[in-house]
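Take a look at the letters that make up each chain.
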Amino acid sequence: MPKMKTKSAAKKRFSFTATGKVKAGPAGKRHGMIKRSTKFIRDVTGTMILSDADAKIVKKYMPYNR
């Protein structure tokens, strides 16, 4: 059987925790920071854990990274 391929875009954007949850960087901080509130900018720093529904999709893209 041929090997399943990992989506290149997914491996650049997501990583897994030791317990199998999916980590991702929050959206909305690429440009346009002037119009965003200070609270918003502060809240979207670092990484976040994806919801179960979104994690299920990402795990389908990355079959070997669990």
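Heads up: the structure comes first, above all this text.
Please read all numbers here as calculations on a predicted model, not as lab measurements.

> Got a minute to help me understand the overall build of the protein chain in this structure?
A tally of regular secondary structure across the protein chain gives three helices and three strands. Secondary structure elements in the protein chain, listed N-terminal to C-terminal, are α-β-β-α-β-α. Its C-alpha atoms put the protein chain at 50 × 25 × 20 Å along the principal axes. When the 66 residues of the protein chain are sorted by exposure, 17% land in the buried category. Within the protein chain, counting contacts between residues at least 6 apart in sequence, those at least 24 apart form 53% of the total. Accessible surface, the protein chain: about 5700 Å² in total, of which carbon and sulfur atoms supply 56%.

> Mind showing me how you'd approach the nonpolar core here?
When a protein is soluble and globular, its nonpolar side chains tend to lie buried together. Counting residues in each nonpolar core, the largest one holds eight residues, listed as Ala10, Phe16, Val22, Ala24, Leu50, Ala55, Val58 and Met62. When residues of this core are traced back to their parent elements, those giving at least two are β2 (22-24) and α3 (52-61). Setting aside residues no more than four positions away along its own chain, methionine 62 makes contact with Thr6, Ala10, Lys11, Phe14 and Phe16.

> I would appreciate a short explanation of the sheet that holds strand β1 (residues 14-16) in the present structure.
Paired through their backbone hydrogen bonds, the strands of a sheet run either parallel or antiparallel. In space, the three strands of this open sheet follow the order β1-β2-β3, with antiparallel pairing throughout. Pairing within the sheet leaves two strands with one partner each, and these edge strands are β1 and β3 (48-49). When β2 meets β3, the two strands line up antiparallel, connected through two bridges. Across the sheet, alanine 24 pairs through a bridge with methionine 48, a residue of β3.

> Looking at this structure, how should I read the environment of lysine 3?
Along the chain, the position of lysine 3 falls in the segment before α1 (8-13). Between the C-alpha atoms of lysine 3 and proline 63, which are 60 residues apart in sequence, the distance is 9.9 Å.

> In this structure, what is going on with the pattern of salt bridges? I would like to understand it.
Close approach of charged atoms allows side chains of opposite charge to pair. Within the structure shown, the criterion is met by one salt bridge. Between lysine 39 and aspartate 43 there is a salt bridge whose closest N-O contact spans 2.9 Å. Pair noted here: lysine 39 and aspartate 43 are both in helix α2 (residues 38-43), with a separation of four residues, about one helical turn.

Cut-offs and rules
- Residues numbered from 1 in each chain as written.
- Predicted model: local features only at pLDDT ≥ 70, side-chain atom pairs only at ≥ 80, totals over all residues.
- Heavy atoms only, no water.
- Helix = DSSP H or I, 4+ residues; strand = E, 2+ residues; numbered from the N terminus.
- Buried < 20%, exposed > 50% of the residue type's maximum accessible area, 1.4 Å probe, protein only.
- Contact = heavy atoms within 4.5 Å.
- Areas by Shrake-Rupley, 256 points an atom, 1.4 Å probe, with all protein chains shown as cover.
- Core = buried A, V, L, I, M, F, W, Y, C linked by side-chain atoms within 4.5 Å.
- Pairing = 2+ DSSP bridges.
- Salt bridge = Lys/Arg side-chain N within 4 Å of Asp/Glu carboxyl O.

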